[in-house]
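Observations on the three-dimensional arrangement
Spelled out from the first residue to the last, the chains are:
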Amino acid sequence: MSNENRKWSTADIPDQSDRTVVVTGANTGLGYHTAAALAFRGARVVLAVRNLEKGNAALSRIVAAKPGADITLTQLDLSSLASVRRAADELRSAYPRIDLLINNAGVMWTPKEVTADGFELQFGTNHLGHFAFTGLLLDHLLPVRGSRVVTVSSLGHRMRAAIHFDDLQWERNYSRIGAYGQSKLANLLFTYELQRRLSAASAHTVAVAAHPGGSATELARNVPRVLRPLNALAPLLFQSAEAGALPTLRAATDPTVQGGQYYGPDGLGEQRGHPKLVQSSAQSHDPDLQRRLWSVSEELTGVKFPV
């Protein structure tokens, strides 16, 4: 049976022993289930989380399920470039080699708010924070054969999505859905441009993206009031966070994955199901948009990549 015709699951995750994995936003939801599955397969997993209390609770849950699991905690607030730099410095000191970086953390549909550095919260957290974090860690992945950067995007990259270069921080006319769409489109533009640069450098590392479909997670806490009655239908409409983590896990571990690919659920509208190779929007594949966003992101974060 071909790889694309069978139903991929956590049973297909290869042995992860001796691999060092960093997962952002790993204390709950998709990130927790991603980190747990990798730890269960033997990986050394770093939970990079904003809230250390929740992070410790997640660590305890994983160790209770798999005594002896190699799990550590690093504080990372992606909405603060100072925190991003501190976390990256800590990880660089502790781990000379990193096999896998999973950019999972995110916020969705938040009221208008800015980060510590003055960026619109969704763009600053979902894109710029991860852009900077990846750039600061990348030289610890580059020498590692089979290393990957996996960035979690969303079906939201198609919803009212554009990169508003004339108003990146939504200072004039804020739309929580539009701002989320911009941030998730940015995740894909970043992945594809990073892969182009990695390929040009003949690097051992590849960049891959994934999306969870419709998943019941804490992200929905900022759903506009008019839509909140739909929360009661979430179990019918959406899959579990554990199922939603599968595309990320496949992008992170499937030996057949290639740089620049995008994984999501195989069901109707990519809302739920088992992970398969999917396609992102035409806009996300625009090389001029990719390069322009990259340049602006370097300027805003002050982070230059080693590729």
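Scroll up to find the structure this text is about.
Okay, so let's go over this structure. Small disclaimer: the values here were computed from a predicted structure and weren't measured. (Residues numbered from 1 in each chain as written. Predicted model: local features only at pLDDT ≥ 70, side-chain atom pairs only at ≥ 80, totals over all residues. Heavy atoms only, no water.)

What follows covers the nonpolar core. Ranked by internal contacts, the top residues of the largest apolar core, which has 43 residues, are Val22, Phe133, Leu137, Ile163, Leu194 and Phe305. Considering each element in turn, this core owes the most residues, 7 residues, to helix α4 (residues 121-137). Excluding residues within four positions of it along the chain, Leu137 makes contact with Ala88, Leu91, Arg92, Ile98 and Leu101. Of all hydrophobic cores here, the second largest spans 32 residues; its members include Ala36, Ala39, Ala43 and Val208. (Core = buried A, V, L, I, M, F, W, Y, C linked by side-chain atoms within 4.5 Å. Buried < 20%, exposed > 50% of the residue type's maximum accessible area, 1.4 Å probe, protein only. Helix = DSSP H or I, 4+ residues; strand = E, 2+ residues; numbered from the N terminus. Contact = heavy atoms within 4.5 Å.)

A word on the packing of aromatic side chains. Using the criterion set out here, one finds 7 aromatic pairs in the structure. Judged by centre distance (5.8 Å) and plane angle (20°), the rings of Phe190 and Trp294 are stacked. Of this pair, Phe190 sits in helix α5 (residues 176-200) while Trp294 sits in helix α9 (residues 287-301), and the two are 104 residues apart along the sequence. Put simply, the rings of Phe131, Phe190, Trp294 and Phe305 touch in pairs and so form one group of aromatic residues. The ring of Tyr32 carries the charged tip of Arg61 above its face, separated from the ring centre by 4.0 Å. Positioned above the aromatic ring of Phe165, the side-chain terminus of Arg292 is 3.9 Å from the ring centre. (Phe/Tyr/Trp six-rings, centres within 6.5 Å; stacked < 30°, edge-to-face > 60°. Lys NZ or Arg CZ within 6 Å of the ring centre and 35° of its normal.)

Next up on the list: the packing of α4 against α5. The interhelical angle for the contact between α4 and α5, taken along N-to-C directions, is 20°, at an axis separation of 7 Å. In terms of their interaxial angle, α4 and α5 are classed as roughly parallel. For the element pair α4 and α5, the recorded crossing hand is right-handed. Within the contact between the two elements, α4 uses Gln122, Phe123, Asn126, His127, Phe131 and Thr134 and α5 uses Arg176, Ala179, Tyr180, Gln182, Ser183, Lys184, Ala186, Asn187, Phe190 and Leu194. Residue composition of the contact of α4 with α5, by class: 7 nonpolar, 7 polar and 2 charged. (Axes fitted to C-alpha atoms, helices over the stretch in contact; angles between N-to-C directions. Parallel < 35°, antiparallel > 145°, perpendicular 65-115°, else oblique. Left-handed = near helix turned anticlockwise from the far one by under 90°. Nonpolar A, V, L, I, M, F, W, Y, C, P; charged D, E, K, R; others polar.)

Its 14 residues give helix α2 (residues 52-65) an end-to-end C-alpha distance of 20 Å, which sits within 8% of 20 Å, the value for a rise of 1.5 Å per residue. Taken together, the buried positions of α2 are occupied by Gly55, Ala58, Leu59 and Ile62. Burial along α2 is one-sided: seen end-on, the buried residues are contained in an arc of 100°. Of the residues in α2, the exposed ones pointing more than 90 degrees away from the buried face are Glu53 and Ala64. Buried-residue contacts for α2 involve α1 (29-40), β2 (44-49) and β3 (71-75). Backbone nitrogen of Glu53 and a side-chain oxygen of the N-cap are separated by 3.0 Å at the start of α2; the cap is Asn51. (Expected span 1.5 Å × (residues − 1). Arc of directions from axis to C-beta. Polar contact = N/O pair within 3.5 Å; in protein donor to acceptor, adjacent residues only side chain to side chain.)

Looking now at the pairing of strand β6 (residues 206-210). Along any regular strand the residues' side chains alternate between the sheet's two faces. Within β6, 4 of the 5 residues are buried, which leaves the element mostly enclosed by the surrounding structure. Where strand β5 (residues 148-152) meets β6, 5 bridges bridge the pair, whose relative direction is parallel. For Val150, the partnering residue across the bridge sits in β6 and is Val208. In the classification by handedness, the crossover that spans β5, the intervening α5 and the parallel β6 is right-handed. Here β6 runs beside strand β7 (residues 262-265); their pairing, made up of 2 bridges, is parallel. Opposite Ala210, over in β7, you have Tyr263 as the bridge partner. (Pairing = 2+ DSSP bridges. Right-handed = clockwise from strand over helix to strand, strands pointing away.)

Here we come to the pattern of salt bridges. This structure, assessed with the given rule, holds 10 salt bridges. A salt bridge links Arg172 to Asp166; the shortest N-O distance between them is 3.1 Å. Summarising the burial analysis for this pair, Arg172 and Asp166 share the class exposed. Salt bridges linked by common partners bring Glu193, Arg196 and Arg197 together as one network. (Salt bridge = Lys/Arg side-chain N within 4 Å of Asp/Glu carboxyl O.)

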